[in-house]
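# Breakdown of the fold
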Amino acid sequence: MTMHGWLQILIYFVILVLTVKPLGAYMAQVYQGKASLLSPILGGLEHRFYRIAGVHPDEEMNWKTYAIAVLAFSLVGVAFLYLLQRIQHLLPLNPAGFGAVAPDLALNTAVSFVTNTNWQSYGGETTMSLLTQMMGMTVQNFASAAVGIAVLMALIRGLSRHQTDGLGNFWVDLTRGTLYILLPLSILLAVLLVSLGTVQTLAPSATVRLLENGGEQAIALGPVASQTAIKHIGTNGGGFFNANSAHPLENPTPISNLLLMLAETIIPAALTYTYGVMIKDTRQGWAILAAMLFLLVAFTGLAYSAEAAGNPGLVALGADHTPGEWQPGGNMEGKELRFGIAPSALFASITTATSSGAVNSTHDSFTPLGGMVTLVLMQLGEVALGGVGSGLYGMLVFVLVAVFVAGLMVGRTPEYLGKKIEPFEMKMAALLILLMPLLVLGLTGLAVSIDAGTSSISNPGSHGISQVLYAFTSQSNNNGSAFGGLSSNTPFYNYAGAAAMLIGRFWVILLTLALAGSLAGKKKVPAGAGTLPTASPLFVGWLIVVVLVVGALNFLPALALGPVIEHLLMAGV
Amino acid sequence: MIGHTEPKDQKFIKAKMIRQAAMDAVLKLDPRRMVRNPVMFVVEVGSLITTGLWLQALLGNGEAPVGFIGAITCWLWFTVLFANFSEALAEGRGKAQAEALRKTRKDTMAKKLAGAHAGEKKPDRYELTPSTHLRQGDCFLVEMGDVLPADGEVVLGIASVDESAITGESAPVIRESGGDRSAVTGGTRLLSDWLVVKVSANPGEGVLDQMIGLVEGAKRAKTPNEIALNILLGSFTIIFLVVCITLLPFSLFSVKSAGQGIPITITVLVALLACLIPTTIGGLLSAIGIAGMDRLIQRNVIALSGRAVEAAGDVDVLLLDKTGTITLGNRQAVAFLPINGMTEYALAEVAQMASLADETPEGRSIVVLAKEKYNLRGRTVSPSEQNPEGMRFITFTAQTRMSGVDLDHTRIRKGAPDTMFSLIEDAGQPVAPELRSIVDGVANSGGTPLVVTRNEVPLGVINLKDIVKGGLNERFAQLRRMGIKTVMITGDNPLTAAAIAAEAGVDDFMAQATPENKLKLIRTYQAEGRLVAMTGDGTNDAPALAQADVAVAMNTGTQPAREAANMIDLESNPTKLIEIVEIGKQLLMTRGALTTFSIANDVAKYFVIIPAAFASTYPSLGVLNFMRLATPESAILSAVMFNALIIVALIPVALKGVPYRAVGASRLLRDNLLIYGLGGLIAPFIGIKLIDWLLVIMGLV
């Protein structure tokens, strides 16, 4: 580990924290329908959309109507994206002449992008036409992100309102999120990326002459900057290129790398402030952000130290692992030289802590402990910032569980923000925290028991368990990052993965909305001296413990047989 | 007397109760009962599976050594039995207490009347019926020396009743038809006269029987909070079930790819499952709920629903009747304030005379004050030559609204200021400003002024004051720290009420309270989302009691009040509410603390079982066994034993409850997290190591 490395990590976190308040306040204005910076420009457009679609923006939806709207919108998205891939060979903007995508892969991909997972069982530049990428993937990159924030808004309204069943209007939330937040930020980022060297063209490819033997190579090109921008802003992560953010035409410099890391975290981080504004108690938002950042910083530190320590096996063979002027030291396998150890470890931590899943290095090549960090961050439920919207609504479920147990310990029926947590809320929270371990462990257990599952594993033994575990962890949590090493483009992994992504997204959304509906109908109990304070450092600490315990306890045996034993074997214990 | 049983008696009951509880624990293994508690049901199913594996091993083809499977099986059964035992013990205690209450009314014969009684005379024809045959609406006669056969309402007669059997209070109380003192409880004894009583509840439905229902695990309806906690525990159980089941394919895959070792056995998987699921809280949850009820009975409070006890822990506002709760029952004279140049001594003498025949507590207090302050002895003057008529006492009536004495053509009167002012004015004199200012001064200070006149000439004012009970200020401050607001309810005027409220240290008060505005006040608080508790005894309290979230009726209260309440205080002690709140809080805290402890335990258990379970496949995992437990078998057995024994070790905590201190939520949370969270993290490391060490020493492994 070097001072320089820590400094890069520090700079990222400082900038991130500085964006929280302004962006959070702006988003609160947008979702509360108040005048904001961009409403003079976009207000007319927004209302024209409502008129065309026949939406009455003041019409409140109850949780069921809201849920039906979310599900219907997403289902149409899946169907459209599936169809688009299946008939892409008949449509224009297919300069490379790619054929129709196979049914299992098309389904997996359609589900993947609609669920904000962006798991890619394919290589983008060798499978998808430009039209599919732009009208399919990119559209869903916006839509799935806007859906995530919309569901969060419904939950926040459930917490802040009382004795009502109205949770807002899904179509309005969807429109505002896309128009006022995702689009402007994406445009800004795309322009910055282009200025740093990311390509943006409709030309299919460039041909370059190679130094070696005078040969030629076709370099794939495309509208990369625009897609990369929303891929990060919306914590999507599905890259234009198979190499994702490790590709020099997508992520050319350390500065662009920093921008991409910031891009995938500014909205999730700022939403905590938006939350605070909307519930009229910003301390609650800061408290949650503190818990999220603590987890992220701690795990980033662990990943960085594990990667910087490198592989003792190589040291034993006489390889020089010490960082110096000419080498970054540590475990550089699978990492880009232009980034080095610290930004790669940070990027890996961020991408798994949010639901982004973009990668700038190969997680499969990380040291066992570094790889474990990426696994654990997803297994905690992606709440250390998490996906846009989904991270905070996931964290709020943990908050309810933490409040429930802590509330009992102070001798009152547990209440959060004046809302009593009763059997129905516990039922929803229990089903929410139950779901992910069931999906991940169940599918991993299945995969290592059948040939269709084991045949895709590239490394046998404990690393093989990590590969399969990673695949299902990533898809169930709608992360989408890949460990690499697992050949996942098989009917078994495509279908099982599609199921995991669908359940992992919409089951969670459904229960979250039901929870919001129940909370909105409750009375608000005024706080007193006997009320559990939920913005105190003690509670933040307790929340962190609950997230760690609930996440870690479920996966400890699986992790012990995967990365932990791998680390022990590598260390020669 | 309950709750005050002699120590030797209690010891006897304890030994007997433990034997009974041990037997009940076995009977409770019935799966139909166990399924009510999902966590322990899973352990029971696990025990059955390992029992089967043990039998298989006995026959020669076991998956592990017979002794190992046998030992694990044995301790798994103990885990279930210990949990059942804790519930049985709590039930036993509650039943013993309730039984003691009920004992008195067993085998009593009722003098049942043939139909509703009419007329005012004592009935002379009745039929002797066993008390168990009485039905709601029946009327019966009780005479001097009889034990009341059932709860009921007096419809005729007046009598003194010894209620010490249920209240522990030895002074007899008066019960009569109509008014606020008409309710009688079965099991009490008539000391004088006779009563005709109408039965208010069928046998088996009386308040005691309801309470006994609440301490029986099988019949007890779970409270909302218990249901919510059960859901959380259930979800942990399901997660760990999946964790353990999926460990089998992981293990098979690992063995295949590592090329060494044997897959994890079913016995170890079941042992791991039993250790991971929250058995500590799951096993003790029922006992905690029952023990909360037990603690109420110990304090002579009968709860009619478990929900009310939990709600007590959430109370934000406490409505307290002034009289009897905040102040001693009656006002007392504290000062004589003379005017017109009278001396205090002379005023005291006149005032004493005016009060000689006044049997009200206020009147007596005037006599006593005069005696204590000026050594004046009240004397009754017999008719004599100077005074042929003797003393003619004027008693207080609603019409005259004053009392006094006529003596030797002297008319001495005392009464409320407005009455006395008109008396003075009717005699053609103006009311002196000096008098008015003294009267106002007394009223402003929270006292009640009485004006004394002689022949319609005002002599001065007696200051009667409410005496605030000692130690209340401190209790209210404690409530404030608990986050509970206290509101005093009184019929007094606002000035008096404010003064007393300030003296007692309550947060707020309601003066000139009527049943309507009491009800309104409760609704206002509830609309703000607050939970309201109140005590009451009169029929006019019934609507407010029914509206309050936690309503405690005095046992001496009327039937409507008792029916509207969800708790009955047998001792009729209004400050009991504070203790009820604490019991409610303790109930919730005990659940939270043991849940935290239970989950925190899992960390240590993982460190013990994971290396042990995979020792043959991956010997390197032994690094995690930093406690250096002797063998994989001893490690797993120690964890299972610890898991079972910790239930027994925590039974006292479950029964007594985690102590509540009024220190505010943050400190409570910090302290409980340190004790039960951190403690729960560390305790199993020590406990398991200790058990492992004992197993080694005893040569069992």
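Provided above is the structure to which this section pertains.
Residues numbered from 1 in each chain as written. Chains lettered and ligands numbered in written order. Predicted model: local features only at pLDDT ≥ 70, side-chain atom pairs only at ≥ 80, totals over all residues. Heavy atoms only, no water.

This part covers the overall build of chain A. For chain A, the helix and strand inventory stands at 19 helices and 4 strands. In terms of overall dimensions, chain A has C-alpha extents of about 75 × 60 × 45 Å along its principal axes. Here chain A holds 573 residues, and the buried ones make up 63% of them. When contacts within chain A are restricted to residue pairs at least 6 apart in sequence, long-range pairs at least 24 apart make up 77% of them. Working note: accessible area of chain A is about 19,200 Å², and carbon and sulfur atoms make up 67% of it. (Helix = DSSP H or I, 4+ residues; strand = E, 2+ residues; numbered from the N terminus. Buried < 20%, exposed > 50% of the residue type's maximum accessible area, 1.4 Å probe, protein only. Contact = heavy atoms within 4.5 Å. Areas by Shrake-Rupley, 256 points an atom, 1.4 Å probe, with all protein chains shown as cover.)

Another aspect to go through is the sheet that holds strand E20 (residues 532–536) of chain B. All names here are of chain B. Spatial ordering of the open sheet is given by E10-E22-E21-E20-E11-E18-E19, a layout of 7 strands whose pairing is mixed. The open sheet has two edge strands with one neighbour each: strand E10 (301–303) and strand E19 (508–510). Taken over all neighbouring pairs, the strand axes of this sheet differ in orientation by 20° on average, direction set aside. In this structure, strand E11 (residues 317–321) lies alongside E20, joined through 3 bridges in parallel fashion. When the bridges of E20 are listed, leucine 318 appears paired with alanine 533. (Pairing = 2+ DSSP bridges. Axes fitted to C-alpha atoms, helices over the stretch in contact; angles between N-to-C directions.)

For the rest of this paragraph, the subject is helix H17 (residues 462–476) of chain A. Residues and elements named next belong to chain A. Taking 1.5 Å per residue, 15 residues should reach 21 Å; H17 reaches 21 Å between its end C-alpha atoms and fits that length. Buried residues dominate H17, accounting for 15 of its 15 residues. Asparagine 478 lies just past H17 and shows a positive phi near 60°. (Expected span 1.5 Å × (residues − 1).)

Position of Lys605(B) relative to the elements: it lies in helix H21 (residues 576–613). Residue contacts for Lys605(B): discarding those within four places in its chain leaves Cys275(B), Phe642(B), Asn643(B) and Ile688(B).

Residue and element names in this part refer to chain B. Within strand E14 (residues 402–407), 6 of the 6 residues are buried, which leaves the element mostly enclosed by the surrounding structure. Side chains Met402, Gly404 and Asp406 of E14 all project onto a buried face; the interleaved residues Ser403, Val405 and Leu407 project onto the opposite face, where all are buried too. Here E14 runs beside strand E15 (residues 410–415); their pairing, made up of 6 bridges, is antiparallel. Bridged to valine 405 within E15 is isoleucine 412. Counting the residues between successive antiparallel strands, the hairpin from E14 to E15 contains 2 residues, one of them, aspartate 408, with a positive phi of roughly 50°.

Here we come to the nonpolar core. For soluble globular proteins, the rule of thumb is that nonpolar side chains tend to be buried together. Residues Ile267(A), Tyr275(A), Leu396(A), Tyr416(A) and Leu318(B) are the most contacted members of the largest nonpolar core, which totals 318 residues. The leading source of residues in this core is H21(B), at 19 residues. Sequence-distant contacts of Tyr275(A), defined by excluding residues within four places in its chain, comprise Ile156(A), Leu159(A), Gln284(A), Gly285(A), Ile288(A), Leu392(A), Leu396(A), Tyr416(A) and Leu417(A). Core analysis: the second largest hydrophobic core is formed by 22 residues, Ala333(B), Leu347(B), Ile366(B) and Leu450(B) among them. (Core = buried A, V, L, I, M, F, W, Y, C linked by side-chain atoms within 4.5 Å.)

A sheet is described by the order of its strands in space; here 3 strands give the open sequence E6-E5-E8 (chain B), paired in antiparallel fashion. Looking at strand neighbours, the two that pair on one side only are strand E6 (173–176) and strand E8 (189–190) of chain B, the edges of this open sheet.

What follows concerns the pairing of strand E21 (residues 550–554) of chain B. Residue and element names in this part refer to chain B. The element E21 is extensively covered by neighbouring structure, given that 5 of its 5 residues are classed as buried. Residues Val550, Val552 and Met554 point to one face of E21 and Ala551 and Ala553 to the other, with burial holding for every one of them. The pairing of E20 with E21 spans 4 bridges and is parallel. Bridged to threonine 535 within E21 is valine 552. Strand direction decides the pairing type here: E21 and strand E22 (residues 567–569), joined by 3 bridges, are parallel. Bridging across to E22, methionine 554 finds its partner in aspartate 569.

Overall, the coordinates contain 19 aromatic pairs over all chains when judged by the stated rule. Taken together, a centroid distance of 6.0 Å and an interplanar angle of 65° make the contact between Phe73(A) and Phe170(A) edge-to-face. Residue Phe73(A) is located in helix H3 (residues 63–86), and its partner Phe170(A) is located in helix H7 (residues 170–196); the two are separated by 97 residues in the primary sequence. Overall, the relative accessible area of 26% leaves Phe73(A) in the partly exposed class. With a relative accessible area of 0%, Phe170(A) lands in the buried category. Feature note: the residues Tyr66(A), Phe73(A), Phe170(A) and Trp171(A) constitute an aromatic cluster, connected by ring pairs. Just above the ring of Phe366(A) sits the side chain of Lys335(A); from NZ or CZ to the centre is 4.2 Å. When the ring centre of Phe421(B) is taken as origin, the NZ or CZ atom of Arg436(B), which lies over that ring, is 4.9 Å away. (Phe/Tyr/Trp six-rings, centres within 6.5 Å; stacked < 30°, edge-to-face > 60°. Lys NZ or Arg CZ within 6 Å of the ring centre and 35° of its normal.)

The interface is formed by 59 residues belonging to chain A together with 60 residues belonging to chain B. Buried surface at the junction of chain A and chain B, both sides included, amounts to about 5,000 Å², of which 78% is carbon and sulfur. The interface formed by chain A and chain B includes 2 salt bridges. Those elements that place two or more of their residues in the side of chain A that touches chain B are helix H14 (390–409), helix H15 (423–449), H17 and helix H19 (537–570) of chain A. Considering each element in turn, the side of chain A that touches chain B owes the most residues, 15 residues, to H19(A). Residues belonging to the side of chain A that touches chain B are distributed by class as follows: 40 nonpolar, 13 polar and 6 charged. (Buried area = accessible area lost by both parts, 1.4 Å probe. Salt bridge = Lys/Arg side-chain N within 4 Å of Asp/Glu carboxyl O. Nonpolar A, V, L, I, M, F, W, Y, C, P; charged D, E, K, R; others polar.)

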